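Chain residues, written in single-letter form:
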Number of protein chains: 2
Amino acid sequence: MHTLWPQSDELALLTDLYELTMAQAYWAERMHEPAVFSLFFRKLPAHRNVMLACGQEHVARLVTELHFPRAQLDRLDTLGLFKGDFLAWLEGFRFSGDIHVLPEGTPVFPHEPLLEVRAPVIEAQLLETLVMNYINLETLLASKAMRVVLAADGRPVVDFGMRRMHGMDAALRGVRAYQVAGLTATSNVLGALRYGMQASGTMAHSFIQAHHDEEEAFRLYARLYPGTTLLLDTYDTLAAADKVIRLARDEGLDIGAVRLDSGDLGALARQVRSRFDTAGLQRIRIVVSGGLDEHAVQALLAADAPIDGFGVGTEMGSVADAPTLDLAYKLTEYAGEPRLKNSPGKQLVPGAKQVWRFRDGDGRITHDEITRRHEQRDAEPLLVPVVEQGAIVRPEQPVASAHDLAWNTLQAMPAAVRGLRDAEPAYRVDTSAALLKLRDQALAEFD
Amino acid sequence: MHTLWPQSDELALLTDLYELTMAQAYWAERMHEPAVFSLFFRKLPAHRNVMLACGQEHVARLVTELHFPRAQLDRLDTLGLFKGDFLAWLEGFRFSGDIHVLPEGTPVFPHEPLLEVRAPVIEAQLLETLVMNYINLETLLASKAMRVVLAADGRPVVDFGMRRMHGMDAALRGVRAYQVAGLTATSNVLGALRYGMQASGTMAHSFIQAHHDEEEAFRLYARLYPGTTLLLDTYDTLAAADKVIRLARDEGLDIGAVRLDSGDLGALARQVRSRFDTAGLQRIRIVVSGGLDEHAVQALLAADAPIDGFGVGTEMGSVADAPTLDLAYKLTEYAGEPRLKNSPGKQLVPGAKQVWRFRDGDGRITHDEITRRHEQRDAEPLLVPVVEQGAIVRPEQPVASAHDLAWNTLQAMPAAVRGLRDAEPAYRVDTSAALLKLRDQALAEFD
């Protein structure tokens, strides 16, 4: 078997080289004081008013399993960069620190930590690449899918993205992120089985093409899969709809839905719906696919197209309109002192933090405040411990409850947050006076 | 250990559900005639004049290992869609057909097959999702990286993308695709070890921040890693450059390079270069990073910025400007007859194909022609067999030779092909008269 994916014992090598060279430098200097690293994004990607935090509970659990098997240390040794004593130290490495996270599904805004690590600086540094890769991808996917689900306005959205997502890891982890966002089903077989999502699929054009007769292909498929979805646009969509009518009405076959995958989807859906309704086939649903994103979905429904569901793949799966998140994992405290960075456009607010979410008397969410970690507010603290002293302290949140959290929170927020075009400012995030004072002190010390 | 990535024996489940339901339908109908499926893209992504084909030899080898272990069939069985006899058939499945591919690294244009499968229709259908996922990602990454390498005009480009690529599978396979494109090194430790690329890394801002004194942090790192690269922009880039001068000139430390990661990279590079040169430190190189893409690299060099290398991550790794490829895997022949599809905007040219690349008397490449597979031309045929009757028949091409193929071919093509903005038409691709005639015959038969 070609070794394609990382093997379990290769987990610790899924990192940038400098994490390991810095770790050796800290080790050589005996710098074992606790550090706080904070994971946040500086600005929202294009068109977004909010992101759904995702991946952080997932990766926090993974961190507790991170270790360097001897065989992997031998591979590292071939790089000629590491001393035997340091490799021996790595062999004994287990994460011993604390990780606080936003629960998955939490709507999150710029500068709010999605995750904070407090651990000896070597340990916290070693997590960087793994933590960023996980949370970057899952947050991007969950957030994009949330937009499609919002646009679909209660109609089911099915993940068709596997073939054009960036690798199999993305496709699999996507299924989990999509559940958080509220998708209904996925075409991804392994994803469905692994994460307990409904597996869904229709038929491809090739199936029609391989048969001499489209109607015969429909008949065979509907007999084999009662309630199935038939694909209408291989040759002529309306002619295909008439074949469906013959099969469903005259032959009594159980056809659950039809799929339109090209052309003017709204106009075709109206024509097909009209033919089906005239034939008394109100029960056959119409689903559409083909290059859809949240804006296309919204436009179809705004035009009252009689569409019952959406298959969404490429645009959602590659997060085509905004495939990157300006995510950073930054040292904000070392040995009990605030640390900052002063690069142009990349200034830091130092110190360990908490994020508070405020509601008014009616339970509507009004705003957030980022504070120093020890401050108290009469509001909901969002960052919760998931790992303490290297051990998991919070039961894994079921994905359904992450979805409930996301949806209930979004619904309680100002409507602008749920908009598909960016509204500035859609949501208010304050920074506490104590945090600003800490930053000013740190800046003054630096000057 | 959390099971995060697909396991080797889960390979066959990395597929869309409809591949399996269609397979069962073909099986139920005893449709075992040979089919030809062709993988191609209909149009170039934005700004591109060419793509580098990548992933096809990789995935063709994987296909020969594809099978359905009993444990996975038991999981499939839980979906309630598959008959026991069909699952038993799947248990005996091994790919028995032929696969022709463009060698990896081949510059490729719209409608040219990157891969063709000839196999019993069930088998060919079952490969769709796997083949598409692999070739889509690797072709996108290799093509994007090629653009960055072209822009860097001989200066080394290092992959810094792991943290923001879409998952670990993308980051790993990216290293391979980047080698085809001509990158010099990667920060990805596992990728470097697995694919034999140079591992590279510098230091993060956190390392500077964790020390009270930037100069002391530089000193410690340079002592530990002679020839290392020091990061200058944590606080004040020019002040940091002066510290580097003291360490290199006055203390004699071996500092190989400095990295600038924010601010006006061109202006800072000039100022830092000037200070280093004045101090007699011509030997210290300047590398830059921070949100770079091919256009930023080109602009820096066009302005004569004294930059010796580029670290490129997010934009390249997520293919941010064009993260999707309009890739399709389509049935073009079944049971010896041409097959077509007539969806609006998605018409097919039927039949098995060959792609020929023509050169003039000086060895310059002039154009391509897509023909029926059995046609002959006095030119180079690009599609080569890699799997025949289920067995690999072509030794795995070393990645270095894929890179040579890419680069030598690009250099022999019209200059417009290598341009970073789309030039219409940059390159001529003809379709043979016999192929057009076959399409017209198939269309006539359909009408």
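Worth saying up front: this structure is predicted, and the values here are computed from it rather than measured.

### Re the UniProt feature "domain: Nicotinate/nicotinamide phosphoribosyltransferase" (unreviewed entry) in chain A
Right, so step 1: Per the UniProt record, the feature "domain: Nicotinate/nicotinamide phosphoribosyltransferase" (unreviewed entry) sits at residues 157–348 of chain A.
Right, so step 2: Along residues 157–348 of chain A the backbone is 41% helical and 18% strand, and the end-to-end C-alpha distance reaches 39 Å.

### Some details on the UniProt feature "domain: Nicotinate phosphoribosyltransferase N-terminal" (unreviewed entry) in chain A
Right, so step 1: UniProt records the feature "domain: Nicotinate phosphoribosyltransferase N-terminal" (unreviewed entry) at residues 13–136 of chain A, using the numbering of this structure.
Right, so step 2: From the first C-alpha to the last, residues 13–136 of chain A spans 19 Å; its make-up is 41% helix and 18% strand.

### Focus on the domain arrangement of chain A
Residues and elements named next belong to chain A.
Right, so step 1: By the assigned domains, chain A splits into domain 1 (8–141 + 323–446) and domain 2 (145–317).
Right, so step 2: One C-alpha centre belongs to domain 1, the other to domain 2; they are set 38 Å apart.
Right, so step 3: Across the contact, 24 residues belong to domain 1 and 23 residues belong to domain 2.
Right, so step 4: Here domain 1 and domain 2 share an interface that buries about 2000 Å² over both sides, 64% of which is from carbon and sulfur atoms.
Right, so step 5: Looking only at domain 1, the three residues that lose the most surface to domain 2 are Leu-141, Val-399 and Leu-420, adding up to 36% of its buried area.
Right, so step 6: For the pair domain 1 and domain 2, the interface holds eleven residue pairs in polar contact (both at pLDDT 80 or more).
Right, so step 7: Looking at the side of domain 1 that touches domain 2, the elements that each hand over two or more residues are α6 (128–152) and α15 (399–412).
Right, so step 8: In terms of residue class, the side of domain 1 that touches domain 2 is built from twelve nonpolar, six polar and six charged.

### What about the side chain of B:Thr139?
Residues and elements named next belong to chain B.
Right, so step 1: With respect to the helices and strands, the residue Thr-139 is situated in helix α6 (residues 128–152).
Right, so step 2: A polar atom in the side chain of Thr-139 sits 2.8 Å from the backbone oxygen of Ile-135.
Right, so step 3: Once residues within four sequence positions are removed from consideration, Thr-139 is found in contact with Met-51, Leu-52, Ala-53, Cys-54, Leu-114 and Leu-325.

### Let's talk about the interface of chain B and chain A
Right, so step 1: Opposite the 111 residues of chain B that make contact, chain A presents 111 residues.
Right, so step 2: Buried area between chain B and chain A, both sides added, is near 10100 Å², and the carbon and sulfur share of it is 60%.
Right, so step 3: The largest share of the area that chain B buries against chain A comes from B:Trp5, B:Arg163 and B:His166, three residues that together contribute 9% of it.
Right, so step 4: Counting every contact that joins chain B to chain A gives eight salt bridges.
Right, so step 5: Between B:Asp16 and A:Arg163 there is a salt bridge, with its nearest N and O atoms 3.1 Å apart.
Right, so step 6: Here chain B and chain A share 58 residue pairs in polar contact (both at pLDDT 80 or more) between them.

### A look at the pairing of strand β11 (residues 285–288) of chain A
All names here are of chain A.
Right, so step 1: The sheet contact formed by strand β10 (residues 255–260) and β11 spans four bridges and is parallel. Within the sheet, the bridge partner assigned to Arg-259 lies in β11 and is Val-287.
Right, so step 2: Crossover connection from β10 via helix α12 (residues 265–278) to parallel β11: handedness right-handed.
Right, so step 3: Read from β11 through helix α13 (residues 294–302) to strand β12 (residues 309–312), the crossover connection turns out right-handed.

### Overview of unusual backbone geometry
Right, so step 1: Residue A:Asp153 is not a glycine yet carries a positive backbone phi of 50°.
Right, so step 2: Mapped onto the elements, A:Asp153 comes out in the loop between α6 and β6 (157–159).
Right, so step 3: Assessed through its relative accessible area of 58%, A:Asp153 is described here as exposed.
Right, so step 4: At B:Gln389, a residue that is not glycine, the phi angle is positive and equals roughly 45°.
Right, so step 5: Inspection of the secondary structure assignment puts B:Gln389 in the loop between β18 (384–388) and β19 (391–392).
Right, so step 6: Under the relative-accessibility criterion, B:Gln389 is labelled exposed at 69%.

### Focus on helix α12 (residues 265–278) of chain B
Residues and elements named next belong to chain B.
Right, so step 1: Compared with the 20 Å implied by 1.5 Å per residue over 14 residues, the 20 Å span of α12 between its first and last C-alpha is a close match.
Right, so step 2: Of the residues making up α12, those classed as buried are Leu-265, Gly-266, Leu-268, Ala-269, Val-272, Arg-273 and Phe-276. Down the axis, α12 shows its buried residues gathered within 155° of arc, on one side only.
Right, so step 3: Those residues of α12 hidden inside the fold are in contact with α11 (237–250), β10 (255–260), β11 (285–288) and α13 (294–302).
Right, so step 4: Downstream of α12 by one or two residues, Gly-280 has phi in the positive range, about 75°.

### Here's the deal with the relation of the copies chain B and chain A
Each of the two chain copies goes to the other by way of a rotation about an axis and a shift along it.
Right, so step 1: The operation relating chain B to chain A is a screw motion whose rotation component is 180°, with 0.0 Å of axial translation and a residual RMSD of 0.0 Å. Such a combination of rotation and displacement between the chain copies is what one expects of a two-fold axis.
Right, so step 2: A high fraction, 100%, of the interface residues of chain B reappear at the interface in chain A, so the copies pair face to face through one surface.

### Focus: the sheet that holds strand β17 (residues 380–381) of chain A
All names here are of chain A.
Right, so step 1: One open sheet accounts for four strands, arranged β17-β15-β16-β20; its pairing is mixed. At either end of the open sheet lies a strand with only one pairing partner, and these are β17 and β20 (428–431).
Right, so step 2: Where strand β15 (residues 353–359) meets β17, two bridges bridge the pair, whose relative direction is antiparallel. Pairing of Arg-357 across the sheet is with Glu-380, part of β17.

### Considerations on the packing of aromatic side chains
Right, so step 1: Considering all chains together, one arrives at 20 aromatic pairs over all chains under this definition.
Right, so step 2: Note on A:Phe68 and A:Phe93: the rings are 5.9 Å apart at their centroids and 75° apart in plane angle, and the pair reads as edge-to-face. One end of the pair, A:Phe68, is in the loop between α2 (56–63) and α3 (70–77); the other, A:Phe93, is in the loop between α4 (84–91) and β3 (98–101), and 25 residues separate them in sequence. The burial state of A:Phe68 is the same as that of A:Phe93; both residues are buried.
Right, so step 3: With a centroid separation of 5.1 Å and 45° between ring planes, the pair formed by A:Phe207 and B:Tyr26 is classed as tilted. Taken together, the positions of A:Phe207 in helix α9 (residues 205–210) and B:Tyr26 in helix α1 (residues 17–28) put the pair across two chains. Here A:Phe207 matches B:Tyr26 in class, with each residue buried.
Right, so step 4: Members of the aromatic cluster, each reached through a chain of ring pairs, are A:Trp27, A:Phe68, A:Phe82, A:Phe86, A:Trp89 and A:Phe93.
Right, so step 5: When the ring centre of A:Tyr134 is taken as reference, the NZ or CZ atom of A:Arg173 above it lies at 3.6 Å.

### Some details on the sheet that holds β10(A)
Backbone-to-backbone hydrogen bonds pair the strands of a sheet. The strands run either parallel or antiparallel.
Residue and element names in this part refer to chain A.
Right, so step 1: Here we have seven strands laid out as an open sheet, ordered β8-β7-β6-β12-β11-β10-β9, and parallel in their pairing. In the strand order of this sheet, the two ends are held by β8 (198–199) and β9 (228–231), each with one partner.
Right, so step 2: When β6 meets β12, the two strands line up parallel, connected through three bridges. Of the residues in β12, the one forming a bridge with Asp-159 is Val-312.

### A look at the packing of α1(B) against helix α4 (residues 84–91) of chain B
Helix packing geometry: the angle between the two helix axes and the distance between the axes.
All names here are of chain B.
Right, so step 1: At a minimum axis separation of 11 Å, α1 and α4 run at an interaxial angle of 105°. One element, α1, and the other, α4, form an angle in the roughly perpendicular class. Contact residues: α1 offers Leu-20, Ala-23, Gln-24 and Trp-27, while α4 offers Asp-85, Phe-86, Trp-89 and Leu-90.
Right, so step 2: Residue composition of the contact of α1 with α4, by class: six nonpolar, one polar and one charged.

So, how was this worked out
- Residues numbered from 1 in each chain as written.
- Chains lettered and ligands numbered in written order.
- Predicted model: local features only at pLDDT ≥ 70, side-chain atom pairs only at ≥ 80, totals over all residues.
- Heavy atoms only, no water.
- UniProt positions renumbered as here; feature names shortened; annotations may be inferred.
- Helix = DSSP H or I, 4+ residues; strand = E, 2+ residues; numbered from the N terminus.
- Domains from an automatic or database assignment.
- Contact = heavy atoms within 4.5 Å.
- Buried area = accessible area lost by both parts, 1.4 Å probe.
- Polar contact = N/O pair within 3.5 Å; in protein donor to acceptor, adjacent residues only side chain to side chain.
- Nonpolar A, V, L, I, M, F, W, Y, C, P; charged D, E, K, R; others polar.
- Salt bridge = Lys/Arg side-chain N within 4 Å of Asp/Glu carboxyl O.
- Pairing = 2+ DSSP bridges.
- Right-handed = clockwise from strand over helix to strand, strands pointing away.
- Buried < 20%, exposed > 50% of the residue type's maximum accessible area, 1.4 Å probe, protein only.
- Expected span 1.5 Å × (residues − 1).
- Arc of directions from axis to C-beta.
- Least-squares fit on C-alpha atoms with pLDDT ≥ 70 in both.
- Phe/Tyr/Trp six-rings, centres within 6.5 Å; stacked < 30°, edge-to-face > 60°.
- Lys NZ or Arg CZ within 6 Å of the ring centre and 35° of its normal.
- Axes fitted to C-alpha atoms, helices over the stretch in contact; angles between N-to-C directions.
- Parallel < 35°, antiparallel > 145°, perpendicular 65-115°, else oblique.

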